[in-house]
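Residues per chain are reported as follows:
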Amino acid sequence: MLNDATLLLDLDGVSVARVERLTDGGRRVHLVTADEAARACPACGVFATRVEGSAVTRPRDLPYGESGLELRWHKRRWWCREAGCPRRSFTEQIPQIPAGARLTARLRGAAGRRIRDAGSMVIPAARDLHLSWPTVMEAFRTQARDVARHLCRRS
């Protein structure tokens, strides 16, 4: 489902199903999975064919506009039928929003880059992105480790 709202959101792997206006002026964006790879079992990699149920998650993303966006991802719970697989059921996941993640990868990355590249302090970055101090600090540590790994490979 590719539409203008999906292009505007620019979050790979999901599509915008609908948008609703909230009483406080904000918007709630309802997402559905657009990436077929999301139904691959994370344990064995086999593509599931049987839907077991559904789940709705609320991943947080980069601030958008004055009032921001609330995301609601309506995803399916799949049943893995692979005989030797230890995993029986799983929910869809995409690289931008791994299973169990409460933040998108781009929000986490932006938080770390604010400290690493822009020289921002942790508290203002956390305030601007509506995140906690520990979350921003961990994002920065991850960014710093990634840069260190990259530099080590180059030398």
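Please refer to the structure placed before this passage.
Residues numbered from 1 in each chain as written. Predicted model: local features only at pLDDT ≥ 70, side-chain atom pairs only at ≥ 80, totals over all residues. Heavy atoms only, no water.

Moving on: the nonpolar core. Within the largest apolar cluster, 12 residues are counted, these being Leu103, Leu107, Ala111, Ile115, Val122, Ala125, Ala126, Leu129, Leu131, Val136, Met137 and Ala139. Looking at this core element by element, the count peaks at 4 residues for helix α3 (residues 122-129). With near-sequence residues (within four places) excluded, alanine 139 lies in contact with Arg108, Ala111 and Gly112. Counting residues in each nonpolar core, the second largest holds 11 residues, with Leu9, Leu31, Ala38 and Leu71 among its members. (Core = buried A, V, L, I, M, F, W, Y, C linked by side-chain atoms within 4.5 Å. Buried < 20%, exposed > 50% of the residue type's maximum accessible area, 1.4 Å probe, protein only. Helix = DSSP H or I, 4+ residues; strand = E, 2+ residues; numbered from the N terminus. Contact = heavy atoms within 4.5 Å.)

Let us now look at the pairing of strand β2 (residues 27-33). Where strand β1 (residues 14-21) and β2 come together, 7 bridges link them in antiparallel fashion. Looking at the pairing, valine 19 lines up with valine 29 of β2. As consecutive antiparallel partners, β1 and β2 are separated by 5 residues, and within that stretch glycine 25 has a phi angle of approximately 95 degrees, a positive value. (Pairing = 2+ DSSP bridges.)

Moving on: the side chain of glutamate 92. Mapped onto the fold, glutamate 92 is located in the loop between β5 (89-91) and α2 (105-116). We classify glutamate 92 as buried; its relative accessible area is 1%. Of note is the side chain of glutamate 92, whose polar atom sits 2.5 Å from the side chain of threonine 33. If we ignore the near neighbours within four places in the chain, the residues touching glutamate 92 are Thr33, Ala38, Trp73, Lys75, Arg76 and Trp78. (Polar contact = N/O pair within 3.5 Å; in protein donor to acceptor, adjacent residues only side chain to side chain.)

Bringing α3 into the picture now. Along α3, the residues classified as buried are Val122, Ala125, Ala126 and Leu129. Viewed along the axis of α3, the buried residues span an arc of 100 degrees, placing them on a single side of the element. Of the residues in α3, the exposed ones pointing more than 90 degrees away from the buried face are Ile123 and Arg127. Directly after α3, the chain includes histidine 130, whose backbone phi takes a positive value near 60 degrees. (Arc of directions from axis to C-beta.)

What follows concerns the side chain of glutamine 143. Relative to the helices and strands, glutamine 143 is located in helix α4 (residues 133-154). Here the side chain of glutamine 143 touches arginine 116 through a polar contact of 2.5 Å, side chain to side chain. For glutamine 143, the contacting residues outside a window of four places in its chain are Gly109, Gly112, Arg113 and Arg116.

So, about the pattern of salt bridges. A full pass over the atoms with the stated rule returns 12 salt bridges. Between aspartate 128 and arginine 114 there is a salt bridge, with the nearest N and O atoms lying 3.4 Å from each other. Pair noted here: aspartate 128 is in helix α3 and arginine 114 is in helix α2, with a separation of 14 residues, a long-range link. What makes aspartate 128 partly exposed here is its relative accessible area of 39%. A relative accessible area of 31% places arginine 114 in the partly exposed class. Each member of the salt-bridge network shares a partner with another, and the members are Arg18, Glu20, Arg28, Glu70 and Arg72. (Salt bridge = Lys/Arg side-chain N within 4 Å of Asp/Glu carboxyl O.)

The next point concerns the packing of α2 against α3. Following both chains from N to C, one finds α2 and α3 inclined at 150 degrees, their axes separated by 9 Å at the closest point. Considering their axes alone, α2 and α3 lie roughly antiparallel with respect to each other. Classified by chirality, the crossing of α3 by α2 is right-handed. Contacts between α2 and α3 involve Leu107, Ala110, Ala111, Arg114 and Ile115 from the former and Val122, Ala125, Asp128 and Leu129 from the latter. By residue class, the composition of the contact of α2 with α3 is 7 nonpolar, no polar and 2 charged. (Axes fitted to C-alpha atoms, helices over the stretch in contact; angles between N-to-C directions. Parallel < 35°, antiparallel > 145°, perpendicular 65-115°, else oblique. Left-handed = near helix turned anticlockwise from the far one by under 90°. Nonpolar A, V, L, I, M, F, W, Y, C, P; charged D, E, K, R; others polar.)

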